[in-house]
Amino acid sequence: MTINPTEISDIIKDKIKKLDIDAQSHNEGTVVSLTDGIARIYGITEALQGEMLEFPNNIYGLALNLERDSVGAVILGDYKSISEGDIVKCTGKILEVPVGEALLGRVVNSLGEPIDNAGPINSSKPFEIFLIEIFSSIATQIAAATL
């Protein structure tokens, strides 16, 4: 039995033509490291700055450090149940918390959820949390200190 290089080449070309590959961006990734409430997530390519990321057990994080193939996120909850290898999903939502008079006198966590056992917070509209550029804040502080 002889191997014909032309036949092998034709078979390979035929398989390449029939191969169905679509380029897709990923909305989920894997936790590759977790240190003191900061997670490094590999594989998420569509996360936005300030976007809420969903970890297992209904725990959320805030996407802050966006890189080409990974995202650094602050965990907004008990991070001790999160471990390396866990799947993380993009939510498509910017971090938001409830606002209004219903919050007066209440104790809430970093997501605006009540932790004072006084029932749910009935807020009519949420407020998106956005990050202010730190350099303008530093410049303001320096200007105020020189006065």
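The following refers to the structure shown. (Residues numbered from 1 in each chain as written. Predicted model: local features only at pLDDT ≥ 70, side-chain atom pairs only at ≥ 80, totals over all residues. Heavy atoms only, no water.)

### A word on the overall build of the chain
- Each helix and strand in the chain was counted, giving two helices and eight strands.
- Reading the chain from its N end, one meets helices and strands in the order α-β-β-β-β-β-β-β-β-α.
- Out of the 147 residues in the chain, the part that is buried amounts to 23%.
- Taking as baseline every contact in the chain between residues at least 6 positions apart, the subset at least 24 positions apart corresponds to 52%.
- Accessible surface for the chain amounts to roughly 10,700 Å². Of this, 56% is attributable to carbon and sulfur atoms. (Helix = DSSP H or I, 4+ residues; strand = E, 2+ residues; numbered from the N terminus. Buried < 20%, exposed > 50% of the residue type's maximum accessible area, 1.4 Å probe, protein only. Contact = heavy atoms within 4.5 Å. Areas by Shrake-Rupley, 256 points an atom, 1.4 Å probe, with all protein chains shown as cover.)

### Points about the nonpolar core
- One finds Ile41, Ile44, Ala47, Leu53, Phe55 and Val88 to be the most contacted residues of the largest nonpolar core, which totals 15 residues.
- The set of elements that each furnish at least two residues to this core consists of strand S2 (38-42), strand S3 (51-55), strand S4 (59-66), strand S5 (70-75) and strand S6 (87-94).
- Setting aside residues no more than four positions away along its own chain, Ala47 makes contact with Leu53, Ala63, Leu66, Val71 and Cys90.
- Ranked by size, the runner-up nonpolar core spans six residues in total, among them Met52, Leu76, Leu95 and Leu111. (Core = buried A, V, L, I, M, F, W, Y, C linked by side-chain atoms within 4.5 Å.)

### Looking at the sheet that holds S5
- Read once around its circumference, the closed barrel built from six strands follows the order S1-S2-S5-S4-S3-S6, with strand pairing classed as antiparallel. When strand polarity is set aside, the average angle formed by the axes of neighbouring strands in this sheet is 45°. (Pairing = 2+ DSSP bridges. Axes fitted to C-alpha atoms, helices over the stretch in contact; angles between N-to-C directions.)

### Comments concerning a nonpolar patch on the surface
- A cluster of nonpolar side chains, contributed by Ile3, Ile8, Ile12 and Ile16, occupies part of the molecular surface with about 410 Å² of accessible area.
- When you line up the elements, Ile12 lands in helix H1 (residues 5-18).
- Residue Ile12 is classed as partly exposed on the basis of its relative accessible area, which comes to 47%. (Patch = residues over 30% accessible without salt bridge, like charges linked within 9 Å, V, L, I, M, F, W, Y side chains within 5 Å. Salt bridge = Lys/Arg side-chain N within 4 Å of Asp/Glu carboxyl O.)

### Here we look at the side chain of Glu51
- Residue placement: Glu51 occurs in strand S3.
- Comment: no salt bridge for buried Glu51; closest opposite-charge side chain is Lys93, at 9.7 Å.
- Polar side-chain contacts of Glu51 include one of 2.8 Å to the backbone nitrogen of Leu48.
- Other than its neighbours up to four places away in sequence, Glu51 contacts Glu46, Gly61, Leu62, Ala63, Cys90, Thr91, Gly92, Lys93 and Ile94. (Lys, Arg positive; Asp, Glu negative; His and termini not counted. Polar contact = N/O pair within 3.5 Å; in protein donor to acceptor, adjacent residues only side chain to side chain.)

### Observations regarding the side chain of Ser70
- As for its position among the elements, Ser70 is in strand S5.
- According to the relative accessible area criterion, Ser70 is buried, its value standing at 7%.
- A distance of 3.4 Å separates polar atoms of two side chains, one belonging to Ser70 and the other to Arg40.
- Every residue in contact with Ser70, bar those within four places of it in the chain, is listed here: Arg40, Ile41, Tyr42 and Asn65.

### Quick word on the pattern of salt bridges
- What the rule picks out here adds up to three salt bridges.
- Lys18 is paired through a salt bridge with Asp14; the nearest N and O atoms lie 3.3 Å apart. Here Asp14 and Lys18 lie together in helix H1, a separation of four residues that amounts to about one turn.
- Using a relative accessible area of 35% as the deciding quantity, one classes Asp14 as partly exposed.

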